[in-house]
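Observations on chain architecture
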Amino acid sequence: SPVSAVLTFILPSRRHYDYDNLLASFKAGLDGIVKAGLLEDDDCWRLQLQLGVALGPRQAGAAVRVKLEALHGRGSARLLPTLRAAHADALDDVA
């Protein structure tokens, strides 16, 4: 069934970041989510991506917060577990 994934890239600074490079850097992360069984597949017909950025603590480095929702028909969604990358404890204050 289709899934919506919100990827929030937590960045350590306001320097220039391209979305295409951020998404490419997370390819192994998406593949890992599929391998772990949280997603059936990450093909474009089953996965709707939303991308965002947030400024995080500089000392934590970069991270990605992943929020998955199973889409059931029109307008209904079921929240799946939120995944948090390394340094999750340092990101608790990031919106």
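Residues numbered from 1 in each chain as written. Predicted model: local features only at pLDDT ≥ 70, side-chain atom pairs only at ≥ 80, totals over all residues. Heavy atoms only, no water.

Overview of the packing of aromatic side chains
Stated formally: The rule is short: rings of Phe, Tyr and Trp, with Trp giving its six-membered ring, pair when the centres are within 6.5 Å, and they are stacked under 30 degrees, edge-to-face over 60, tilted in between. Counting from the N terminus, the helices are the DSSP runs of H or I reaching at least four residues and the strands are the DSSP runs of E reaching at least two. Counted as over-ring charges are cases with an Arg CZ or a Lys NZ within 6 Å of the ring centre that also lie within 35 degrees of the ring normal.
Applying the stated rule across the entire model yields 1 aromatic pair. Judged by centre distance (6.5 Å) and plane angle (85 degrees), the rings of phenylalanine 9 and phenylalanine 26 are edge-to-face. Taken together, the residues phenylalanine 9 in strand β1 (residues 3–11) and phenylalanine 26 in the loop between α1 (19–25) and α2 (27–35) connect sequence positions 17 residues apart. In this structure, arginine 15 packs its charged tip against the face of tyrosine 17, placed 4.4 Å from the ring centre.

Structural notes on a nonpolar patch on the surface
Test applied: Residues form patches when they are more than 30% accessible in relative terms and have no salt bridge. Like charges link within 9 Å. Nonpolar side chains (Val, Leu, Ile, Met, Phe, Trp, Tyr) link within 5 Å. Here the open area of atoms and residues is found with the Shrake-Rupley method and a 1.4 Å probe, where only the protein chains shown may cover a residue. Salt bridge, as used here, is a side-chain nitrogen of Lys or Arg placed within 4 Å of a carboxyl oxygen of Asp or Glu.
Taken together, the side chains of Tyr19, Leu49, Leu51 and Val53 define a hydrophobic patch exposed on the protein surface, amounting to about 330 Å² of accessible area. Top contributing element to the nonpolar patch by residue count: strand β2 (residues 47–55), with 3 residues. Within the secondary structure, valine 53 is located in strand β2.

Focus on the nonpolar core
For soluble globular proteins, nonpolar side chains are generally found buried alongside one another. Threshold: Only buried residues count toward a nonpolar core. Its members are Ala, Val, Leu, Ile, Met, Phe, Trp, Tyr and Cys residues joined through side-chain atoms within 4.5 Å. Exposure classes here rest on a 1.4 Å probe applied to the protein chains alone. A residue is buried below 20% of its type maximum, exposed above 50%, and partly exposed in between. It only takes one pair of heavy atoms within 4.5 Å for two residues to be counted as in contact.
Judged by nonpolar contacts, the single largest core of 14 residues is most densely connected at Phe9, Phe26, Ile33, Val66 and Leu68. Secondary-structure elements contributing two or more residues to this core are β1, α2 and β3 (63–71). With 5 residues, β1 is the largest single contributor of residues to this core. Those residues in contact with phenylalanine 9 that sit more than four places away from it in its chain are Leu22, Leu23, Ser25, Phe26, Leu51, Gly52, Val53, Ala54, Ala63 and Val64.

Some details on the pattern of salt bridges
Following the criterion strictly, the structure yields 3 salt bridges and no others. Of the charged contacts, one joins aspartate 31 and lysine 27 as a salt bridge, the two residues approaching to 2.7 Å between their closest N and O atoms. Of the two residues, aspartate 31 and lysine 27 both sit in helix α2, 4 residues apart, roughly one turn of that helix. A relative accessible area of 52% means that lysine 27 is categorised as exposed.

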